[in-house]
Structures are given as C-alpha cells and as structure tokens.
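Each chain, letter by letter, is given below.
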Amino acid sequence: MAPLLEIKDLCLDYGAVRALNSVSLKVEENEIVTVLGANGAGKTSLLKAISGLIRPSKGSIQFRGEDLSRIQAFSLAGRGIAHVPEGRRVFSTLSVQENLTLGRYGVRALRKKADLDNLEERVYALFPILKERRSQLAGTLSGGEQQMLAIGRALVSSPSLLLLDEPSLGLAPIIVQEIFSLIKKIHKEEKIAILLVEQNARKALKAASRAYILELGKIVVSGDSADLAQDPRVQAAYLGAKAC
Amino acid sequence: MSRPVFFDKGKKVSTFFEQLVNGLTVGSFYALVALGYSMVYGVMKLINFAHGDLFALGAYLGYSLLTGATGKITASMGLWGGIGFTALLVALSVALAGVLVERIAYRPVYPSGRLSLVVSALGMAIFIQNAIMAIWGSRPRAFPASVVPSLRFSLFGIPVTLLQVTILGISFALMLIIWLIVEKSNFGAAVRASALDRETATLLGIDVRKVIFFVFALGPGLGGVAGLMNGLYYRAISFNMGWNYGLKAFTATILGGIGNIPGAMLGGLILGVVESLLAGYVSGAWKDVFVFILLIAVLIFRPTGLLGEKTAEKV
Ligand SMILES: Nc1ncnc2c1ncn2[C@@H]1O[C@H](COP(=O)(O)OP(=O)(O)O)[C@@H](O)[C@H]1O
Ligand SMILES: [Mg+2]
C-alpha cells in the first residue's frame, strides 16, 4: 500500500534562497515521524509546502496517492491534514471554545455533527484545562495552554495526518515534558499519523518511530529513531552532552 | 446661514427630540458606510478610500433607476415597491462595483505593500468620482418629489416623516442582520478568523478568497443602499458627496474602533446625533469642526476607539 504521505525530490525557493533541496520522505498511516533540524534548516518550509501555504519549485507531494500540488491550501483540512503552526497562532481575542469551533470549519460539511461533537469532548478530555477555560480568551492562556489549544484546534477536524511545528518552542522543560506525553497519548488514542518537526532531538526521537535529519534544506540522515539516537554523528550534532 | 450663535436659548424641548431623530437618521447613513470601512479594514488591513464614492455611486444609480424611463419602476410597482426594488438593484450593482474595485485596484498591488495600496485606493476614489461626473454631470441632481414619500406624522409627540421612520427601520434591520452574520454564523466566525490571522484561517479550511469577496461585496452593497436612502432623504445629490460622507463615516469607524463591527454601528449613530445636536443648539457652521476635533481627540486619547479594546495579545 502507498504511504499516507510521500514527498519526492522537493525543492522550495524564496527568491534566490533555496530553503529545501531535493527532500524526500514518507509517513505511513498511524506512524510518528520526526524531522530534526537546527534553526533555519527548513522545517517550517517543509510543513508549509505540505499544507499548500507555499508552492514548491520542484518535486511532488502525495497524500493518499493524490498529488497535492494543484490543491488549494484551504481544502486540505477537509482531506484530513491538520497543521499546528510554529508559534501556536491561536486566535488570541477569541475564546477557547471559539478557537476549537473554528478548528472544525474545514470538515463541518463533510462529517456528522454528532461525530464532531464527540471528538470535541475527547479533545476536552485530553486537555481538561481547556475545558475549565473554555470561555476565556485564548490570549490570556499560558504558553503551554496555548500550545494545547493549538493542538486541540487541529484535532477537532479528525485528521489522519497531524503536522506539528516545534510544539516545544519557548516552553519550560516541565511543560515540554507534558506536551510530549500528550503527543504520544494522542497518537495512541486517536490512531493518527504525526509528522513532528523539532529542535528538541532527544524528546522527539523518543516519541517517533522514524526520523529524518534536515541540514540547510537537505536530508542528511534518516532511519529508525532508536538507531539515530545511537548514531555518533547525530549524537555529536543534536544530542550533545550538554543538550537539554 | 448667519454668524455662529452659541447657546441659543430659544429652542424648545421638542426640538431636542426632532434633532435626535434627524441625528439618528444621518447617523444610520454613517453607520452603514462605516460598516464597509470596518469590515474591509478588519480582513485586509486596508482603508478602502473608494468606499465613500461607492456610496455616491449608490445614490446616483438609485436616482437613475427611480427617474429613468419616466419612472417605469415606480409606475409598475408603486412608490414603495419601486423604492424597494431599486434598493435591491443598487445593493447588487454597488456590491459588484466593490468586488471589481478589489480585483482592479487592490489585488494586483497586494505584493507591493501598504503604501502602494493607499495610493491605489485614492486613485480608485478619484476614478469613481470622475466617472460619476462624466456620466451624470457636475451639477447636483435632485430626486423629483414624485419619487419621494412625503407623509409626515407625529410619533410620541415628535414630528417625523414616514421616510425617516423607514430609513431608520431599514438601517437597523440591516445592521442587525450584519451583526448576526458576523457574530453568530459559521461564516462570520470564518470572517473574524481571517481578520485575525489569514494563514492560520487557511490551515483550518477557511477559503480566505471567499471572505475577501464577502467583505468587498457586502460593505459596498450596504454603502450603496445608504447612498440611495441619503438621496431620498436630502433629495439633492452631487458627484463629490462621497468625499464628505466618506470622511464622516471614516471618523465614525475610528470612533467605534476600526475593525469592530458593533463599534462601526455605534460610532456612526453617535456621530450623527452629536453632529445634529451641535447643528441644532450651537451652529451648523461649526458642526464639522467639532466632528474633526472629536476624531483627533479619539485618536489621541483612545486610539482603539470606543469598542476596540478587546485585545489580549500575549506572546
Ligand atoms: N518568507 C521567507 N522569505 C525568505 N526566506 C525565508 C522565508 N521563510 C524562511 N526563509 C528562509 O528559509 C530557510 C528555512 O527557514 P524555515 O523553514 O523557517 O526553517 P526552520 O523552520 O527550520 O527554522 C531559512 O534560511 C530562512 O531564512
Ligand atoms: Mg521553523
């Protein structure tokens, strides 16, 4: 069977700047895959290309065997791709509930309302703090809570592929721990595939089954997470003795 | 107009209510036009300077429809039916004009930044104003008495015209509908989300192009109807009326908080009433001066406007 997501020879340019250079990767159904890379490696560009926010200059992106290059970005939510952007991007002047309701916008005509209501209840069960704060403005939540809301807002569309852009960015270590446990829990309970891009290599390698390492827009190493965690090159560059 | 007289003590109490009704009527024109500025600004972060001239276009289209072909519309549908049908046609045509303005003047220059957009918006305003002058001439036109309902009566002791009551009724109904769409419907939530963060809205499945189409059709559509009602109310229309009304409505938008839908409505009504009371009790010649002092005061002391305080930015 074809993989859920398959990217082949993807190149992406911002004018003269090449952000992705011949990137190939795949994500199987119900699998956590991580893409690790330093700041500026091209992680965000990769996710934006998958979501259709930026058009690649070369290469192909296939989702369930369908070529995404001609699909409008807004219609990907309805196809089962949910993207949690870098920096959370919750609608700060809307309430927690309004944010979650917007999360199902792309699928409101495609799924049964009762199923979506059910899913919302499961999301609230995953993040009980959101339920407590459902009528509070999203901008007044803490960073960790905003990240939970951003993930929850993506989950309520019942995606089969969840794209997570540095969910640990700017959060205290204890909150990072919590977010990673939640990602694993979501994967287990909701049975969805997750493509996680991260700088926090240690945590991401633990959560994912496979990993790719992106340097200056190119995939330099890939393989099973457990193997990569032992790889001396990876250890030197991403799991340095003093890394968090 | 004689020299400015401050604090004229000869006015009666009933004058106050008359001025109030006049003020609300003018204020509802401002409010409807302000809604268009505010919706477009909210989603596009762009001040559609052509909006006032689309209001004028509405007045002129309404004039031609009601008087053209020797009043065929009113002849076959009756006065009120004719006005209603005309309002519908005006709303649709000005909505179409609004969408065309976006396509022609704004869409090609989005990538070139804010300043280019402002220049393009001003260019479009001048273009529409001149197009109106080229088509209808530079001398003011007057709606003939035969197409304007003239019934007067007394409501709770306040002398009003049927036209005033109708204008207020229609304006408030339109404002209520817009408020319900924006605040309570699914699509309204999509509009608000697009106003806050277009990229994220897209990721959630919102077609932002539809939202843009919506604001550029609805805003001018409302403005066009306001233009028609304004023409019926004052009877005289001129090709450059969009400038003055545009500026007033823009003041109302700032007063209520730009980008804020209830704010635009409130700002318009307050401005109309304040202006009318100033004209009635102080001096008509000074009212515009006060309006702009008000604008400057709001910009200095409360730049987010009366209702524009709902921010909870936290990074
Ligand atoms: N909008 C943009 N315009 C120009 N260059 C960009 C833009 N966004 C990202 N880049 C460049 O593309 C490269 C990859 O950026 P990005 O995908 O954001 O990396 P990461 O998410 O891994 O930090 C960087 O060199 C960055 O400077
Ligand atoms: Mg990034």
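Residues numbered from 1 in each chain as written. Chains lettered and ligands numbered in written order. Predicted model: local features only at pLDDT ≥ 70, side-chain atom pairs only at ≥ 80, totals over all residues. Heavy atoms only, no water.

Colleague: Just checking my understanding: could you explain the overall build of chain A for this structure?
Modeller: Of regular secondary structure, chain A possesses ten helices and ten strands. Considering only C-alpha atoms, chain A reaches an extent of 45 × 45 × 35 Å along its principal axes. Evaluated residue by residue, chain A yields a buried proportion of 52% over its 244 residues. A total accessible area of about 10500 Å² is found for chain A, and carbon and sulfur atoms account for 52% of it. Where the 33 positive side-chain charges of chain A centre and where its 26 negative ones centre are 1 Å apart. (Helix = DSSP H or I, 4+ residues; strand = E, 2+ residues; numbered from the N terminus. Buried < 20%, exposed > 50% of the residue type's maximum accessible area, 1.4 Å probe, protein only. Areas by Shrake-Rupley, 256 points an atom, 1.4 Å probe, with all protein chains shown as cover. Lys, Arg positive; Asp, Glu negative; His and termini not counted. Charge placed at Lys NZ, Arg CZ, Asp CG, Glu CD.)

Colleague: Would you take a moment to explain the packing of helix 8 (residues 241-256) of chain B against helix 9 (residues 261-281) of chain B for this structure?
Modeller: A pair of packed helices is characterised by two quantities: the angle between their axes and the separation of those axes. Residues and elements named next belong to chain B. Where helix 8 meets helix 9, the closest approach of the two axes is 7 Å, and the angle between their N-to-C directions is 120°. On the basis of their axis angle, the class for helix 8 and helix 9 is oblique. For the pair helix 8 and helix 9, the sense of crossing is right-handed. Residue-level inspection shows Lys248, Thr251, Ala252, Leu255 and Gly256 of helix 8 in contact with helix 9, the latter providing Gly263, Gly267, Gly268, Ile270, Leu271 and Glu275. Residue classes in the contact of helix 8 with helix 9 are distributed as four nonpolar, five polar and two charged. (Axes fitted to C-alpha atoms, helices over the stretch in contact; angles between N-to-C directions. Parallel < 35°, antiparallel > 145°, perpendicular 65-115°, else oblique. Left-handed = near helix turned anticlockwise from the far one by under 90°. Contact = heavy atoms within 4.5 Å. Nonpolar A, V, L, I, M, F, W, Y, C, P; charged D, E, K, R; others polar.)

Colleague: When you look at helix 1 (residues 43-50) of chain A in this model, what are you seeing that I'm missing?
Modeller: Residues separated by three or four positions in an α-helix point in the same direction, a consequence of the helix having 3.6 residues per turn. All names here are of chain A. Among the eight residues that make up helix 1, six are buried, leaving the element largely enclosed by the rest of the structure. Every buried residue of helix 1 is accounted for by Lys43, Ser45, Leu46, Leu47, Ala49 and Ile50. One or two residues past the end of helix 1 sits glycine 52, with phi positive at roughly 80°.

Colleague: It is not clear to me how the coordination of the magnesium ion (ligand 2) should be interpreted in this structure. Could you clarify?
Modeller: Geometry sets the ideal angles at a metal, namely 109.5 degrees for four tetrahedral donors and 90 or 180 degrees for six octahedral donors. Of the protein atoms, only Thr44 of chain A (OG1) and Glu86 of chain A (OE) coordinate the magnesium ion (ligand 2), at distances of 2.0 Å. One end of the pair, threonine 44 of chain A, is in helix 1; the other, glutamate 86 of chain A, is in the loop between strand 6 (81-84) and helix 3 (96-103), and 42 residues separate them in sequence. (Donors = N, O, S within 2.8 Å, 3.2 Å for Na, K, Ca; no water.)

Colleague: I would appreciate a short explanation of the interface of chain B and chain A in the present structure.
Modeller: Interfaces are frequently sized by the accessible area removed from exposure as the parts join. In this complex, chain B contributes 23 residues to the contact, which on the side of chain A involves 27 residues. Counting each side, the surface lost to burial between chain B and chain A is near 2300 Å², with a carbon and sulfur contribution of 61%. Along the contact surface separating chain B from chain A lie four salt bridges. Of all elements in the fold, only helix 5 (186-196) and helix 6 (198-203) of chain B reach the threshold of two or more residues within the side of chain B that touches chain A. If you tally residues by element for the side of chain B that touches chain A, the top one is helix 5 of chain B, at seven residues. Residue composition of the side of chain B that touches chain A, grouped by class: ten nonpolar, five polar and eight charged. (Buried area = accessible area lost by both parts, 1.4 Å probe. Salt bridge = Lys/Arg side-chain N within 4 Å of Asp/Glu carboxyl O.)

Colleague: How should I be thinking about the site of ligand 1 in this particular structure?
Modeller: Residues and elements named next belong to chain A. Neighbouring ligand 1 are Tyr14, Ala19, Ala38, Asn39, Gly40, Ala41, Gly42, Lys43, Thr44, Ser45 and Glu86. Within the side chain of asparagine 39, one N or O atom sits 3.4 Å away from an oxygen atom of ligand 1. Contact distances for ligand 1 include 2.8 Å between an oxygen atom and a side-chain N or O atom of lysine 43. In the complex, the protein chains occlude 59% of the 550 Å² of accessible area that ligand 1 would expose alone. Take the shell around ligand 1: its biggest share by element is three residues, from helix 1. (Near = heavy atom within 4 Å. Polar contact = N/O pair within 3.5 Å; in protein donor to acceptor, adjacent residues only side chain to side chain.)

Colleague: Hey, could you run me through the packing of aromatic side chains in this one?
Modeller: All names here are of chain B. In the structure shown here, the tally under the stated rule is ten aromatic pairs over all chains. Ring geometry for phenylalanine 16 versus phenylalanine 17: centroids 5.3 Å apart, planes at 80°, classification edge-to-face. Classification of phenylalanine 16 by relative accessible area gives partly exposed; the value is 30%. An angle of 45° between the planes, with centres 5.0 Å apart, marks the rings of tyrosine 60 and tryptophan 136 as tilted. Of this pair, tyrosine 60 sits in helix 2 (residues 51-106) while tryptophan 136 is found in helix 3 (residues 114-136), placing the two residues 76 residues apart along the sequence. Look at tryptophan 136 and you get buried, because its relative accessible area is 10%. Through pairs of rings, three or more aromatic residues link up here, namely Phe29, Tyr233 and Tyr234. (Phe/Tyr/Trp six-rings, centres within 6.5 Å; stacked < 30°, edge-to-face > 60°.)

Colleague: Even after reading the chapter, I still don't get helix 8 of chain B, so can you show me in this structure?
Modeller: All names here are of chain B. An ideal rise of 1.5 Å per residue puts 22 Å on 16 residues; helix 8 measures up with 23 Å between its terminal C-alpha atoms. Burial runs high along helix 8: 13 of the 16 residues are buried. Following helix 8 by one or two positions, glycine 257 has its phi on the positive side, about 110°. (Expected span 1.5 Å × (residues − 1).)

Colleague: Sorry if this is basic, but what is going on with the sheet that holds strand 3 (residues 32-36) of chain A here?
Modeller: To summarise the sheet geometry, strands pair through backbone hydrogen bonds and adopt either a parallel or an antiparallel arrangement. Residues and elements named next belong to chain A. The mixed open sheet is built from six strands, whose spatial order is 6-7-8-3-9-10. Looking at which strands have only one partner, the edges of the open sheet turn out to be strand 6 and strand 10 (218-224). Shown here is a sheet whose adjacent strand axes are inclined to one another by a mean of 15°, direction ignored. Alignment of strand 3 against strand 8 (residues 193-198), held across five bridges, turns out to be parallel. Note that in strand 8 the partner of valine 35 across the bridge is valine 197. Packing of helix 6 (residues 143-155) onto the sheet brings it into contact with strand 6 and strand 7 (161-165), and relative to strand 6 it is tilted by some 170°. (Pairing = 2+ DSSP bridges.)

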